[in-house]
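Residue-level structural notes
If you want the building blocks of each chain, they are given just below.
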Amino acid sequence: MTDATQDFESRFSACPACDAAPLAGRLAQTGPARGDIVLSLPTAHCAACISDVERALRAVPGVRDARVNLTLRRVIVDAEGLTAPDLIPVLDRIGYEAHELDPGALSATAADRHGRDLLMRIGVSGFAMMNIMILSVAVWSGADANTRDLFHWISGAIALPTVAFAGQPFFSSAWRALRARRLGMDVPISLALILASAISVYETFHGGRHAYFDAAAMLCFFLLIGRYLDYRTRAVARSAAEELTALEVPRAIRLTDGAEEAVPVAELRPGDLILVRPGGRIPADGVVTAGASEIDRSLLTGESVPVAAHPGQPLSAGEVNLTGPLTLRVTAAGQDSSLARLTALVAAAESARGHYTSLADRASRFYAPVVHTVALLSFLGWLWATRDARVALNVAAAVLIITCPCALGLAVPAVITAASGRLFRAGLLIKDGTALERLAEVDTVVFDKTGTLTMGTPRVNNPDALAGEPRAVALSLAAGSGHPLSRALAETLADTAPAALDELREVPGHGIEGRWQGQLVRLGRADWIGAEGDAPGAASWLRIGERVQRIDFTDSLRPGAEAAVARLQALGLRVLILSGDGAGAVADTAARLGIAEWRADVLPQDKAAVVAALGAEGRRVLMVGDGLNDTAALSAAHASISPATALDAARVASDMVLVGSNLAPVAEAVGVARASVRRIRENFGISVSYNILAVPIAIAGFATPLIAALAMSASSICVTLNALRLR
């Protein structure tokens, strides 16, 4: 890391957007990078796939964890010491195609190819279906035996190749599942297509009056329509991880001995010099070495105001250079960049297993044996009742199709994907996928003050009140402290010659003290200093011997703080402030925000104790804080949020990170979380109600395989569209 980067990491910025840019880089340094191996799963498409893949991978020695992201069709494997070639055969043995993921696989190209392939198969099956229906009109109109048989043979010649080609996605998936000795959702669908075609061939060979080639082609057509609509609704519910991936730049201009060379980003190495022209997106993390410009960070941080870029300033991959050419020295590129780290964090959160996800997984696991048993019993029952194998097979095929668990499998992932995408666009990064469920349960919100409700960039109101020796002593004390008020004071008094102090030490939660000319000097809280009372407003107190002097500060509220507090209270949540600052400063902030409950002079261990006490009372606490003294409270809370400007320890301890400076997304997150839980419950209700109504209808013989295909597709689309209401 360069000296410029180190200076940046250690400094305190007055601009939250500036500090938010290298967020993911610092997260990567302070926490383990999840997902050592990333594999694409092009054939995964349901909840049963998630369970099978995760169970198989976790059984491999050395695999600590495996999480499937169904939306992105990938699995992230935490397996130190293993490689992709070690794991791909494991998935192949259970019938899943897998590939090591490269940057190209992350783009929308692969997904687009999948969509085009489905559309092509829909077109072929639709064209064949219409031609077979024309022939069927003559048959159903009473054509004589020879004409009827001829039309049946022509229909079969069209339908059988069509079903074989257009149904290939279902047949391939079913064959892989059967080879692995398991039953997936495509097994009954494939069986239904084969049964419909086989019945038609049997009727044609024996000169029967009815063949169902038109139904087989229509069944395939509508099943493909349902799968394509599912694909499209997933694309609309584009995840936050995909949006971050879309910011990646495939090529960069590398400067070698002054010559420009266009190279893939994957070839960049730390220390390389790259040129970014105006209008271009930053391809890798780096530090500006030459040039001046303005940077658009809105897609990463939500900040709408461009940030000035100058030599020595670090920039992050994905940001946009607006006005002037910049030369950067690369610090991280490709999968090591902050953008890639953010993408990995979001993808991990979307793949996490909460209570509702586990419930859906368990239900889907029992699907295959139950539905095949029900279909077999239906076949035997109708065969016994009618002595007609054709009728019995049609009923069995309808049961196999109509009981598809697609809706149940989509109930949770579709909602989580839509919710995380909405919150990311609002400026809130979810690190833990279970956070939404926990956030929906909160009834109490605890805020830290400095750096959370306020910007943490105080200014001294009365610097001229300090003169002579007190001014020099105050500077020396302030320079030795990391408290925001002390840093502001040190910056204000920077033109003063510091006094020589001995035995300088900081007392956490109280202030800093030392000895000057043999007498004790202190800078800190009023009660520690020994001052009488604490008037409203932010202040530090300076004590030199017996002399005590108050130093007033002004700290502006964080943008969106008033709106966030008002909305949280409107949602019925109890809101309070816990701060280590003096009573005057905390009372002033609470009054400005309309918060009735607050506590001042709270030590770090006391914050965690208060949060724990609230939890013991049955409260579900959301803690919002940014300082080292908030870390224990963040960990103890039911759910937690930290601003991007927070210390590394606070961000690691929290469930969500506010990447912009605006506090309004905190309240929006609670609303979205509650709406997400409602949507999940509604989706479960839709899925269960659909099966309660549809399965008896199919068993009773009132649903043909074609009607069953339409009903199954409609249930999946309803669940996904219900999830999209979150957007």
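About the thresholds
Residues numbered from 1 in each chain as written. Predicted model: local features only at pLDDT ≥ 70, side-chain atom pairs only at ≥ 80, totals over all residues. Heavy atoms only, no water. Helix = DSSP H or I, 4+ residues; strand = E, 2+ residues; numbered from the N terminus. Buried < 20%, exposed > 50% of the residue type's maximum accessible area, 1.4 Å probe, protein only. Axes fitted to C-alpha atoms, helices over the stretch in contact; angles between N-to-C directions. Parallel < 35°, antiparallel > 145°, perpendicular 65-115°, else oblique. Contact = heavy atoms within 4.5 Å. Nonpolar A, V, L, I, M, F, W, Y, C, P; charged D, E, K, R; others polar. Patch = residues over 30% accessible without salt bridge, like charges linked within 9 Å, V, L, I, M, F, W, Y side chains within 5 Å. Areas by Shrake-Rupley, 256 points an atom, 1.4 Å probe, with all protein chains shown as cover. Salt bridge = Lys/Arg side-chain N within 4 Å of Asp/Glu carboxyl O. Core = buried A, V, L, I, M, F, W, Y, C linked by side-chain atoms within 4.5 Å. Arc of directions from axis to C-beta. Pairing = 2+ DSSP bridges.

A separate point is the overall build of the chain. When you go through the chain residue by residue, the secondary structure sums to 30 helices and 26 strands. Each of the 727 residues in the chain was classed as buried or not, and the buried ones make up 56%.

Here the focus is the packing of helix H7 (residues 145-166) against helix H8 (residues 168-179). Their axes nearest at 5 Å, the elements H7 and H8 cross at an angle of 60°. For the element pair H7 / H8, the angle class is oblique. Along its contact with H7, which presents Val163, Ala164, Phe165 and Ala166, the element H8 presents Gln168, Pro169 and Phe171. Here the residues of the contact of H7 with H8 sort into six nonpolar, one polar and no charged.

On the surface, a cluster of nonpolar side chains totalling about 230 Å² of accessible area is made up of Met120, Val124 and Phe165. The class of methionine 120 is partly exposed, set by a relative accessible area of 43%.

Attention now goes to the nonpolar core. Core analysis: the biggest nonpolar cluster contains 49 residues, and Leu439, Phe447 and Leu622 have the highest contact counts within it. In terms of residues, this core owes the most to one element, helix H29 (residues 664-699), which gives 10 residues. Setting aside chain neighbours within four positions, we find phenylalanine 447 in contact with Thr452, Leu453, Val565, Leu568, Val575, Leu576, Ile577, Leu578, Val624 and Leu663. Within the second largest apolar cluster, 38 residues are counted, among which are Ala211, Ala217, Ala375 and Ile402.

Note on helix geometry: an α-helix contains 3.6 residues per turn, so any two residues three or four positions apart are oriented the same way. Of the residues making up helix H24 (residues 561-570), those classed as buried are Ala561, Ala564, Val565 and Leu568. The buried residues of H24 occupy one face: seen down the axis, they fall within an arc of 95°. Away from its buried face by more than 90 degrees, H24 exposes Glu562 and Ala570. Buried residues belonging to H24 abut strand E15 (444-447), helix H20 (449-453), strand E22 (574-578), helix H25 (583-593) and H29. Glycine 572 sits one or two positions beyond H24 and adopts a positive phi of about 90°.

The next thing to look at is H25. Listed in full, the buried residues belonging to H25 are Gly584, Ala585, Val586, Thr589, Ala590 and Leu593. Glycine 594 occupies a position one or two residues after H25 and carries a positive phi of about 75°.

The pairing of strand E8 (residues 285-290) with strand E13 (residues 326-332) spans five bridges and is antiparallel. The residue bridging valine 287 from the neighbouring strand is arginine 329, located in E13. With two bridges joining them, E8 and strand E11 (residues 314-315) adopt antiparallel strand pairing. Bridging from a neighbouring strand, valine 287 pairs with proline 314 of E11.

A separate point is the environment of threonine 256. In this structure, threonine 256 sits in strand E5 (residues 251-256). Given the relative accessible area of 38%, threonine 256 is considered partly exposed.

Sheet strands pair via backbone hydrogen bonds, and the direction of the pair is either parallel or antiparallel. Strand order in the open sheet formed by six strands is E6-E5-E7-E13-E8-E11, with antiparallel pairing between adjacent strands. Edge positions in the sheet fall to strand E6 (259-264) and E11, since each has one partner strand and no second. For E5 and E6, the ladder comprises six bridges, and the chain directions are antiparallel. The residue of E6 that forms the bridge with arginine 254 is glutamate 261.

Although it is not a glycine, glutamate 503 sits at a positive phi angle of roughly 55°. Residue placement: glutamate 503 occurs in strand E17 (residues 502-507). Despite not being glycine, glutamine 517 shows a phi value in the positive range, around 55°. Structurally, the position occupied by glutamine 517 is in the loop between strand E18 (511-516) and strand E19 (519-524).

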